[in-house]
Structure formats: structure tokens, C-alpha cells
Amino acid sequence: MSTRKAFTKAAAKKKRVTGRARPVAGPYADFMARAYVMEVDAAERYADFADQMDVHNNPEVAELFRKLSRIEALHAKRILEEMGWKQPPHALLAWRWDEPEPPETTAHTEVHYLMQPYHALQLALGNEQRAEKFLARIARAPKTPPEVKRAAAEMAGEEREHVRLIEDWMKRVPKPAKDWDRDPDPPVLGD
Amino acid sequence: MNAPATVAALTAQNFKSDYKPVWCPGCGDYTVLASITRALAALNLRPENVAVVSGIGCSSRIPAYTTCYGFHGVHGRALAAGTGLKVARPDLTVLVAGGDGDGYSIGGNHFLHACRRNVDLTYIVMDNHVYGMTKGQPSPTTEPDWKSKLSPGGTGLREFHPLVIALAAGANFIARGFSGDPSGTATLIAEAVRHPGFSFVEVLSPCVTFRPEQRAWKEAVHPAPVAATEDPARAARRLMTDDGFNIGVLYKGSRPAFSPAAPKAPLSPSDLEKDFAL
Amino acid sequence: MTGAKLTNGLVDSVSVALAGSGGAGVMTAGNMLLEAAAQAGYYGLMTRTSGPQIRGGEAAAMVRVSTFASDSQDDRFHVLAAIDWQNVNRFASEIPLGAASLLIGDPAQGEPPEAFTRSGARYVPLPLKALAKQVSGGWPNMVALGVLGGLMGLPADALERAVQKAMKKGGDALAAGLAAVRLGIAEAAKVDGALRLAGARSGAGRWLISGNEAAGLGALRGGVRFVAAYPITPATELLEWMSPALTKVGGTLVQAEDELASISMILGASYGGVPALTATSGPGLALMSEALGLGVAAELPIVVVDVMRTGPSTGIATKTEQADLNIAMYGLHGDAPHVVVAPNSVADCLATAQWAVSLAESLQVPAIVLSDQYFGQARAIIDRPDRAPARVPRLVAQPNADGYKRYALTESGVSPMAIPGTPGTSYTADGLEHNERGTPSSQPSDHLAQLEKRQRKLADLDCAEHWATLEGEGDIAVVTWGSCTAPVREAFARARAEGVKARLVSLRLLSPAQPERMKKALEGVKRVLVVEQSFSGQFHRYLRAEYDLPGEVRSFRRPGPLPFRPDEIHQTLVKWSHS
């Protein structure tokens, strides 16, 4: 089964209570908004990377990043649907994360124009692991309201599933050669 | 009666154009672009009311990567062009952007005078301590011992401290950001735009191609140990001992922004003719 | 010298291109191919093109190997090999192919783009990546190097020597490189229909050099010992080459904060008695125009090399054009006569830069050298340049010269220049109009006298053989300059073979203009074809302004960045001469 199908199947397996409108305010809504932002940010970042790989003639990795972007966008869409939100909540400057970026987002510095698919998956793996840690911590924290705890624990479980799927995916992708970043040509002049 | 039409609030993505940047993957400028778009969205601005003015260099490619009105001018003159635009069109939000070579070397003179003139605009410098686009020459912020083809033994010159110069020249808001902290940088930029007068934000933005060792900046940066000050003398003392890696707003002045005189009811040129009539 | 097939089926020139992206290493391989050509005793020329990315972008190395020296590109490329086809179609207009051309590509990378196949070129699939994998540590670009070298008939040992030279560290990488090249040569032997080179006419002491390096060396030979530098594409390499070279010969290079600074820095150094130079491109030259005027008015010798690029404004920084003639000639405010010279080959960049220094120093005037991106960044195999004639030094004032007048109205117009440190001859150099002593003056008589002096000193310029390259005979003439000269020369050779006679006048001295010499050179000419790479025809207008051209004059021009090809000039020439 393709990895994308695997992710979608895994998502469909989890059934949450749907059908009634979710509150727009309160700790649960806040938490879900934050989770939404996490997914959307990840999706946008993967899409950015795909563009960068396009421009730098690395089509295989571009396609992989596009796949990852679509998967994250799907997660985000599901949150919107569950919450019954017509308008996405705003991310902007409202929250500060523990790290410079949301847990599921790869920093811009981590990509390289000659990177291999394995590298991209390594980054994705790190993202899912960090996301899992972040959600698990919320689930464990004594101050967390019970509804949020439940949702966080569920989501953490999903992320653990994603971790597994990516590890599987990585097994099917060749490991990069030692000199994967060799480029004998010098950089090129610009303006 | 119809409800008034509401304009949906914009997100950072609305400020990003379709044009795919040619920056090297790993370049700090990608984060600065993200921070700028995020800040503009947070400020509830609209792209058509924002102008991004730049000079020449890798960082100066940024206007076309936004959906704002852009001006990609000649090397080093972005602040001058931005000044002209803002004075002629005070209703616009004007961002001036570029690199350290463009801004502090050939643009040095304009930098001094833009700080002094205190026009209400925001200047964002993506500082990577090198001339990237021309393949790796030292810039005014390059360390004296960095070896390059143009200066094989290092320049031997003490590097610029642009924040000190900005303060001395009269800038009204001085901050330093780091591209490794996108939301922090976005916050700084938003505050800079909101602050009246000339706001200067220097963003440390590593060059992955010519200065790969700048990856270590991640460990070197730290939040500024004290809060921003409004006292220029205190700011001067702080900035003179600044280690180049203090992150945050460092100075917030209260000089009124440049504001040319304007009559309440402008005359027409023919009204001036009576001066010449015999 | 035609690029056509010789009687034994071999050719005197083969042009190949190697394209690829993202770490493919096509420039590295292209440079090795050029080196191999040199090792085998051939002449050669390498130019390159690339996308806007700083790393990993699509790129192509274009290499021409011939039995004769030429800076021109041929009409078309005989082989285009690609490690991958990513965005290589962008280069289609720069890599023209024909029905006899070969398209070599790795089938694992897909079909060649239509932009190339529509030429009718024959596709020869070669699994470069798979072949490279047969060698431990092998890379496709090295296989491609072997293929291209083998196809054109370069001796294997020349290719191997080139690889060894490039991979001085030796070890496994060298062994892998050599093995990959040998693989490529073996594959090439299986391909038929390729054009093979006739035997090389070996010559001793050839050089492999770029136009930028040649200009730098010429300046050093001319005596330059101070350089102010501000990076700008495509002049940066000239400055970067000069930086350590200057130090070695006892000079200094200072990186300036901008072009306004660099021009003033070299004026200062020159005032101090040290021959000085800077290099820039169009946008930089535009910034320098005010201070260049100071150099003219204060009579300070300096050299500014303008490595022209496509304009106007920021233009296309990495491409060539011949459209800075106007600003070089007429870009100074006021009447400010000065020297403008232009090399007309890669090798000539050396001689012309050296000559420019000599002219500047002996005439105490700024000299602008109009090179271009095509020359500047091309690497060529050239005959060892001649030892240039001894330079004419600056006329310097003697100490305690009685009643010294810096700007004395001498017969030649050149007045002795006092160098700081010389007792008894202190003066103030001034952009203000001045009298003979150098004191500022607004007297009409002084203004006229100094204008005449500054003009006069350029008038009798001794430039007998240097003012232009003159070749051929006949009543049809091609007048051109700079990098257009090489394709014109090749066109001439082809026309000559068909019995069409034509004259070449390739100007090297643009200012001061030489109407008398031009008149003599064009005696008996009834038709003049002006060839230039300028959309508005700057050179044509310059000729009409400064010279009386005989007979019918036609302008054959277009803007950069594509170079002229010999065939289009040849056809135009032949058609006109028969009509």
C-alpha cells in the first residue's frame, strides 16, 4: 500500500465524536486551534520545501515533500471538520511555541539542494516525534482539563502511528551515499 | 438590510507570491520572508497598501516574492527610493529590505541619513556577513580574519556595528532578530512597523553557501539580557558592548517621525502668479 | 579555417555542450575537456551558461576545440550531451543544433526536450549514470567527459592528463575519475556519425586563460600597482585574480565600499604617482562618470576596465552586450576628452589592458577599456602573447623646477606632473577649471587654453599598428569591434574560400577617433557593413559621428546576449557582394 493510503487509512480508523458543533471558545477549542495551526504550518513548510526543490532541480525530493504536505493538510482539514469550523483559526503571533517553530515544522536550515529522499523522511520523522512529545506532555500535565487531555492523548497516539509509518517508508528508500552532497562546480554569479 | 460585507482576515500566505525564490535551500532569507508575511498579516494590513523596496543582492530579491507592491532598484539605494516613496505617499506602509553588502557598504551613506531623517518606514537587513550574489566577498560586517579571494588574508578591518551606527545617526527603533526564530522575528518586525519613525531591524540570516560555519549562530544568539530602553545614552552603552548576538528590541525612541509641512487647503499654481504680476 | 569537413572526412573544429543540474559538475568536466584539448595541442574556447540559482541550478559548459585559434562560437554545436534534462531547454537558443548534431542523454533521465529534438539532431541514448556506477566512486560527468573527448577524437592520454591535473589530490578520486573517462571513451567508439578533429597543429608555449585574467595581467605588465575593487558581475573575477597577484608584485588592492569610492581611490593613488586601476561593469561605470571627469580635468592617469554586460540598468548580469559604448565615449559631463580602447580577442585583453595603462600614464588621462562578459568569462587556449612594447611612462616634473606650472601649455599638450614628495613643485590638482599653474580660474581664455591642451595631447597619439586590426582586401568592408571580431574573421575565411574578398576593420582605439587612418583603411571601399551587438546601433552612430564612411553603409546589429555566428555574417556578406 502506498504510504499516503496508509496515512489516510490510519486517519479513518480513528473515529471521534462528530455531528455536534464544537465550542469556539474555551480550553478545548484553544487546544484544537493550536493543533490545527501545527498541522497547517507543517503543510505549508513542506510545500515551501517542495518549491525549493523544484527550483533546484531535485524533482524526486520535491515530489516527496509535496506528498508530506498533502498528508499534513489532510490532518488539518480533519480538525476543521471535527470542530465544525468554517473559518480556520488564526495562527499569527498569538502563540509562542517552546522551540522557535511549531513542533511538526522543519526549520528552513535543514534542507540542502542535493538532499536525498531519505533525508526528507528523516526530517519528517523528527517532526512526528516532536509532535508526539508535545501532545503527550499536554496529555500528561496535571493542569490540563480532561477534555483536552483526552484529545491530546488521542492525537499523540496518532503521531506515534505516523512515526511508525515513516519509519516503514524509510526502509523502502535507499540510504544516501557518503558523498551525496558533492558538487564539484563552484557557485554561480548573480546580479 | 444587508450585513456589511466583511473582508476575511488575511494570513501570511496571502502575502506570499507564486514566484518561487531562487535562494539556496537552507538560506536564512526564507525565514525572513515568512516572518515578514506573518507580521504583515498580524498587523491587518493589505498587500496593496504595502510596498517593499530593495537594492541588489540575494536578499534584495525579496519584493517579488511577496504580493505587495515591489521596487527592485539599483545597488545600495533602496533607502533613498523608500524615503521618496513614503514621503510622497505617507498612506503606504513602506518596508525597505536588503543585505549587509547592499545596505552598509554602497548603501552606507543612505543608511546614515535615513536614520537621521526618521521617515516612518521599516528597514530590514538580512545580515549574513558576506556578499553572496557576487560569490563571496567580505562585507562591512565580515570578521577581519575571514579569508576570501578578494581579501586572501582577511580584510584586517574591524567590522561595522550597524546597530551602534543606527543609534548614533538617529534611528527611532533598533532591534535584532535571528532567522532561526521565525515567530520571534515576526514579532519584532510587526513592532517595528507599528513604531513611528525609522525602525531598523537587523536579522542575522546565515548564508548556507558561502558561510556554512554560520550554522553555529544558532548557539550564539541569545535574548537580550535587559528590556528595550527609551534612553539613548543607556542604549548607546548597551550597544557598544553588544556581542552581535543579542536578540530583541534594543532601543525604542520617541522622536517624532519626519513630517513635512502641508497646508490644510492647498493653493493652485495660478494662485502663486500674483507674486510676479507687476 | 572554416569549421567545415576537410577532404579526409575530418574537421578543423568541433563544438560540444555538456548540460546538467544540481551537482552534476558540468563546469568541472567542461574545464577538463578544454584542458585536454590544450594537452593535445589544439586551440579551444569554453563559455558557459546557467540558471539564476547560485547552487544546483541548470548549467551548460560549451567547449569548442579547433586546429586554428578562434574566440568565436561556431554556427552550431555538433554534440549536446546532458547528464539530466532539467530545465536545459532554457538554453536552447544558446546551443543551436542541426540535423547532423548528436543529442546524448541518459535514458534514465527521460527523452531530450522538444526544444532540441526539433533541430533534427540524432538522439543517442547513453546510460551515463549506470556507466558511472560501474566504477567505484565514478561520476556521470566524468563518463560524459570521456564520451565527448572520444567523439571528437581527442587522444586518450590528453584526457587523462587533464583529469590528473584537475585532481591533484590523487588517490581514489583520481583513479575513479580516470576509469570513468576511459569508460566514456569506449562508449564513444561505438557511436558513429560523430565529427572527428583533424590533427592538431601543436605549438609551444600556449596559454589557457580567461579574458578577465588576461586583462588583469596586462594591467600588471603595464605597471599598475594599486587597484580599488568593488564586486560586480562579470568583473569580479578580474579583481579577485588581481588581489593576490598584485601583492606578489608589490602592489595593493583595497576593497572599496562602492564604485564611487573605488574611482576616487584610484584617482588618489594616481595623484600619488602610482599607476592605478579599477574594474567594473555598466552600472558601476555609470556611477564613476563624475569622478572620471575629475580625472580628465585634473589630468590624472587611471584605467577603468568595463566588462560590459547586458543592459540597461541591472539588465542581465551574467550575459554580454556591446551597449556601454555611449557611456564610455560620451558619458562624462562637459567636454571631457579621454581614451577609450577595446580588446578584440581574449588574447587581446592582455595587450589592450597593457596599452591602456601606457596611454593613461603617458597622456595623463583616464582610459576606459571596454571588454565584455563574453571575453571576460571565456577561457581560451591562445598563442603565447608577444612581449609588448616598452611602456611609455608618465612625464614627471623634476625637483625644484623653476616656476613649475603643472598645467603648462606645452606643444604636445602633455605637461610634466609633479609627484608628491618632490621638493619645489607642490601643486593642487583641481577639477575646477584652472590656469597653467593650476590655480582655479573662471577666465574664458584659461578655459579655452586648457580645453585645447587636453584635446591636443590626445590628437597626436602614436597608435600606428594598434588603433585597429586590419585584414583582407576588396571593396566591401566590415567595420566592427570587440567580441564581434572573431565571428567576422571566420565569416571572412569562408567567404575567401568562395572567392569573395572583404576587408576587416576592427577598431581597438575608439577615442580619440582616427578619421585619417580610417579613411586610408577604407580607400576604395564601396560598401561598409557595420557589425555590433547593440540594439540601437551605438557603434554605427559613433562611426557616423566621428568618421566619413564611404559608399553604402549597412548596419547588422542585434542586442545581447546571443553571440553572432560566422554563418550569418558570411551569408550577409556574400549576398551583398553579389547584389
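Residue numbering note: each chain is counted from 1, following its sequence as written. Each chain gets a letter, beginning with A, and each ligand a number, beginning with 1, in the order they are written. The predicted origin of the model limits local features to residues at a pLDDT of at least 70 and limits the giving and counting of side-chain atom pairs to 80 or more, whereas totals for whole chains, interfaces and linings rest on all residues.

## Observations regarding the confidence of the model for chain C
Should the pLDDT be low somewhere, the predicted coordinates at that spot are not to be read in detail.
Now for step 1: By definition, pLDDT measures how confident the predictor is in each residue, and it falls between 0 and 100. Here chain C averages 95 in pLDDT, and 99% of its residues register 70 or above.
Now for step 2: The ipTM for the predicted assembly is 0.89, set against a pTM of 0.93.

## A closer look at the domain arrangement of chain C
Accessible area lost during the coming together of the parts is what is often quoted as the interface size.
Now for step 1: Domain boundaries shown here were taken from an automatic or database domain assignment. One can read the domain layout of chain C as domain 1 (13-189), domain 2 (208-382), domain 3 (395-462) and domain 4 (468-578).
Now for step 2: If you average the C-alpha positions of domain 3 of chain C and of domain 4 of chain C, the two centres end up 39 Å apart.

## Topic: the interface of chain B and chain C
Now for step 1: Taken residue by residue, the interface counts 20 residues in chain B and 19 residues in chain C.
Now for step 2: Along the lines of polarity and charge, the residues of the side of chain B that touches chain C split into nine nonpolar, nine polar and two charged. The contact criterion used here is simple: two residues whose C-beta atoms, placed from the backbone, lie within 7 Å are in contact. Here the nonpolar group is Ala, Val, Leu, Ile, Met, Phe, Trp, Tyr, Cys and Pro; Asp, Glu, Lys and Arg are the charged ones; every other residue, Gly included, is treated as polar.

## Brief notes about the environment of C:Ala418
All names here are of chain C.
Now for step 1: Within the secondary structure, Ala 418 is located in the loop between strand 14 (379-382) and helix 14 (444-459).
Now for step 2: Residue burial here comes from a neighbour count, namely the number of other C-beta atoms, placed from the backbone, that lie within 10 Å of the residue's own C-beta, with 20 or more meaning buried, 12 or fewer meaning exposed, and in between meaning partly exposed. Given 24 C-beta atoms within 10 Å, Ala 418 falls into the buried group.
Now for step 3: Sequence separation between Ala 418 and Leu 395 is 23 residues, and the spatial gap between their C-alpha atoms is 8.8 Å. Numbering of helices and strands starts at the N terminus; helices are DSSP runs of H or I of at least 4 residues and strands are runs of E of at least 2.

## Remarks on unusual backbone geometry
Now for step 1: In this model, C:Gly311 is joined to C:Pro312 through a cis peptide bond whose omega is 0°.
Now for step 2: Within the fold, C:Pro312 resides in the loop between strand 11 (302-308) and helix 11 (325-330).
Now for step 3: Residue C:Pro512 is reached from C:Ser511 by a cis peptide bond, and omega for that bond is 0°.
Now for step 4: When you line up the elements, C:Pro512 lands in the loop between strand 18 (509-511) and helix 16 (515-521).
Now for step 5: At B:His129, a position not held by glycine, the phi torsion is positive, near 55°.

## So, the packing of helix 2 (residues 27-55) of chain A against helix 3 (residues 59-83) of chain A
Residues and elements named next belong to chain A.
Now for step 1: The contact between helix 2 and helix 3 brings their axes to 8 Å, and the two run at 160°. By the angle class used here, helix 2 and helix 3 are roughly antiparallel. For the pair helix 2 and helix 3, the sense of crossing is left-handed.
Now for step 2: In terms of residue class, the contact of helix 2 with helix 3 is built from 20 nonpolar, two polar and four charged. Axes here refer to lines fitted to C-alpha atoms; in helices the fit is confined to the stretch in contact. Angles between the N-to-C directions go from 0 to 180 degrees. Orientation is classified from the angle alone, with under 35 degrees giving roughly parallel, over 145 giving roughly antiparallel, 65 to 115 giving roughly perpendicular, and any other angle giving oblique. Left-handed describes a crossing whose near helix is turned anticlockwise from the far helix through less than a right angle; right-handed describes the clockwise counterpart.

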